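One letter stands for each residue in the lines below.
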Amino acid sequence: MLPTGFIQDLLARVDVVEVVGRHVELKKAGINHKGLCPFHGEKSPSFIVSPSRQTYHCFGCGAHGDAIRFLTEHHGMAFMDAVRDLAQQVGLAVPESTATPEDRARAEAERTQRATLSDVLAKAADHYRGALKASPRAVAYLKKRGLTGQIAARFGLGYAPEGWRTLAGVFPDYADPLLTDSGLVISNAGDGDGGGEEKRYDRFRDRIMFPIRSVRGEVIGFGGRVLDVGEPKYLNSPETPVFHKGQELYGLYEARQGLRAKGYALVVEGYMDVVALAQWGFPNAVATLGTACTDEHVTKLFRFTDTVVFSFDGDAAGRRAAGRALEAALPHATDTRSVRFLFLPAEHDPDSYIRDLGPEAFDAAVAQAVPLSAQLIAHAGADCDLGQAEGRSKMLAQAGPLVALLPEGLLREQVVQALAQQGGMAAEVLQAHWARRSAGRRPARGGPASAADPQPADDGTPPELQHKDGWRSGGGKGRGRWREGGDRPRIYPMAGRRTPPQTATMLDRCAWVLARHTAVWLSQPGETHEFLAGQPAPYGDFFIGLERVLHDHGPITMPALIGELRGGQREADVADDGLRLLLDRLTAFHDVADDETPEVLLDAMLLNLRKQAIADELSWLTESGDLSDEATARRNALIHLRAELKRGMPAGTGAR
């Protein structure tokens, strides 16, 4: 772990305007700088960088942080990699970690291996590009697919020659373990009896090569497509220390500017689809790497845009892929985001569709893509006869787990209403049924609900404690819990990424209460989950980890939670991002007798955190000097929210 004060010293020497300005076109705006936000698509600049605060903030999507956080969020760097990068720029030596010598040696070995593997893969990519130019057959294939030399160069396309050991002429030592570690070479140890001679050969042979780049532009793997007939049609690099299929998207590095220009991400199934779409004026396309769409994929996409369109073939396989993408997207479908599904005719993929019918027809097809809400209903009722009561019941039963994945908000309410109408029943009856089923699987705090009991809301609040104005009683001394929703604007965490202080902060206490009473997390609305997960490291990492552990195991004890969080990451990584320090601090806190329930304690902390976030953003708006209609409307809304919070603000809780 870094010594206390090092991060502050580093950030004091770094100019955030210079760091951000390398990647975002900034223009002077009063005492600040302004540009288009790199974290979501926008046409009017709402992204402000403050030299005086040494932080950035987007009034459109809420992205906020310092120079370190910008590198971690925009480039996907690990925390310590960003620290080292900035320290090198300002000539500051990064002090030795307090981790054990074994931990430091292991972490350094892993960093060295990742850097070396990246160098090996980059050298292979150069070789494949040169081989493409030297192969008339491969060039003819790409021209037949309608690709130009310019688009091939943009994506770094190459060709792996037919020979079994062509890389032996590229790397001086073909037996180097790095060639197998990077997935470029396959090694078989003879006939398996331990005495046979090792056989090594190139993984990719006679294939068009698609370099897979990280969001920082580093080559981390390859996809290879056969030129003629052969199996498999596409061959990917295996999992390596630098390449994880479930986390990466092909073409995302190349699509960053296209996402902003088009305003949405188009997720397709093949590498060639991505390149062909870019050729035809759709530079915003990306592809999964031979795997189903994952939560990590969706999370990464929503860093760049608020709208995602999934494009699938209209056959059975495409429908199955759409179902998996739907489940991955549902937890991220807030009221301000859009997710749609485009199903092409069975005989077409995006590449063939746009070549046969043209970009205008494809653009029109995208405009007619199915909204997430409609896709959810269609997916739940795909195998149901809605003309029969049994079919409608089955559809509603299958829809319940999908609706449960949606964050609380207006979209979720409308989906419930639409499902109830399809099922021929009242929305209140449907929600009560789902609540009973959920209570049967996970008892509520007051014990299992019976059919005769009043049913709780989706977030677990009893009906008698619900209020239509957006406040919920938290129980005890008349305190309330804030619910974002309706026409209230979202409250964004504003704190930058800092090393935790030595005294307990409000976020320390918030994490401690939830660690001791994990079931309380499950009763919180989706907006609270997002608000806490968006807090600066290591707190956001803690709350994200808490959600993951509870999703896998349900409510557990604090020691079990701490153990899961420690074991969920490599020890070196925990030390790097500060999570280990936070976990150590939480285990050192002691229990203090309190008359309040953990729910009420958490409510008080959340209200304080939101109050501070509003104050910070109002200060930002004042300093920005932005007098646009949007900024004025945001300022007025925040002032109104602040007044409401003050009226319902509970007394502070004691430090622990």
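Here the structure is a predicted model, which means the values were calculated and not measured.

Side note on helix α15 (residues 372-380)
Then, in step 1: When α15 is considered as a whole, its buried residues turn out to be Leu372, Gln375, Leu376, Ile377 and Ala380.
Then, in step 2: The elements touched by buried residues of α15 are α12 (316-329), β15 (338-344), β16 (370-371), α16 (389-405) and α17 (410-423).

What about the packing of aromatic side chains?
Then, in step 1: Across all of its chains, the model carries 20 aromatic pairs by this definition.
Then, in step 2: Aromatic pair Phe282 and Phe362: ring centres 5.1 Å apart, planes at 80°, arrangement edge-to-face. Of this pair, Phe282 sits in the loop between α10 (271-279) and β13 (285-287) while Phe362 sits in helix α14 (residues 359-367); the two residues are 80 residues apart in sequence, bridging distant segments of the chain.
Then, in step 3: Between Lys262 and the ring centre of Phe282, over which it is positioned, the NZ or CZ distance is 4.4 Å.
Then, in step 4: The ring centre of Phe531 lies 5.0 Å from the NZ or CZ of Arg610, which sits over that ring.

What about the sheet that holds strand β11 (residues 234-236)?
Then, in step 1: Reading across the sheet, the 4 strands line up as β6-β9-β10-β11 and stay open at both edges, with antiparallel pairing between neighbours. Of all the strands in the sheet, the pair left with one neighbour each is β6 (158-160) and β11. Direction aside, neighbouring strands of the sheet carry axes that sit 35° apart on average.
Then, in step 2: Direction of pairing for strand β10 (residues 219-226) relative to β11: antiparallel, over a ladder of 3 bridges. Bridge pairing in β11 links Arg225 to Tyr234.
Then, in step 3: Of the strands in this sheet, β6, β9 (207-213) and β10 are in contact with helix α6 (residues 136-144), which crosses β9 at around 70°.
Then, in step 4: With respect to the sheet, α10 is in contact with β9, β10 and β11, its orientation differing from that of β9 by roughly 80°.

Focus on the packing of α16 against α17
Then, in step 1: Close contact between α16 and α17 brings their axes to 10 Å; oriented N to C, the two are set at 170°. It follows from the interaxial angle that α16 and α17 lie roughly antiparallel. Residues Arg392, Met395, Leu396, Ala399, Val403 and Ala404 of α16 form the contact with α17, whose own contacting residues are Arg412, Val415, Val416, Leu419, Gln422 and Gly423.
Then, in step 2: Looking at the contact of α16 with α17 residue by residue, the class counts come to 8 nonpolar, 2 polar and 2 charged.

Re the sheet that holds β13
Picture the strands of a sheet paired through backbone hydrogen bonds; they go either parallel or antiparallel.
Then, in step 1: Read across the sheet, 5 strands follow the order β13-β12-β14-β15-β16 without closing on themselves; strand pairing throughout is mixed. If you trace the sheet from one side to the other, it starts and ends with β13 and β16, each paired once.
Then, in step 2: Sheet analysis places strand β14 (residues 307-313) next to β15, joined by 7 bridges and oriented parallel. Each bridged residue has a counterpart across the sheet, and for Ser311 the counterpart in β15 is Leu342.

Here is what the cut-offs are and how they apply
Residues numbered from 1 in each chain as written. Predicted model: local features only at pLDDT ≥ 70, side-chain atom pairs only at ≥ 80, totals over all residues. Heavy atoms only, no water. Buried < 20%, exposed > 50% of the residue type's maximum accessible area, 1.4 Å probe, protein only. Helix = DSSP H or I, 4+ residues; strand = E, 2+ residues; numbered from the N terminus. Contact = heavy atoms within 4.5 Å. Phe/Tyr/Trp six-rings, centres within 6.5 Å; stacked < 30°, edge-to-face > 60°. Lys NZ or Arg CZ within 6 Å of the ring centre and 35° of its normal. Pairing = 2+ DSSP bridges. Axes fitted to C-alpha atoms, helices over the stretch in contact; angles between N-to-C directions. Parallel < 35°, antiparallel > 145°, perpendicular 65-115°, else oblique. Nonpolar A, V, L, I, M, F, W, Y, C, P; charged D, E, K, R; others polar.

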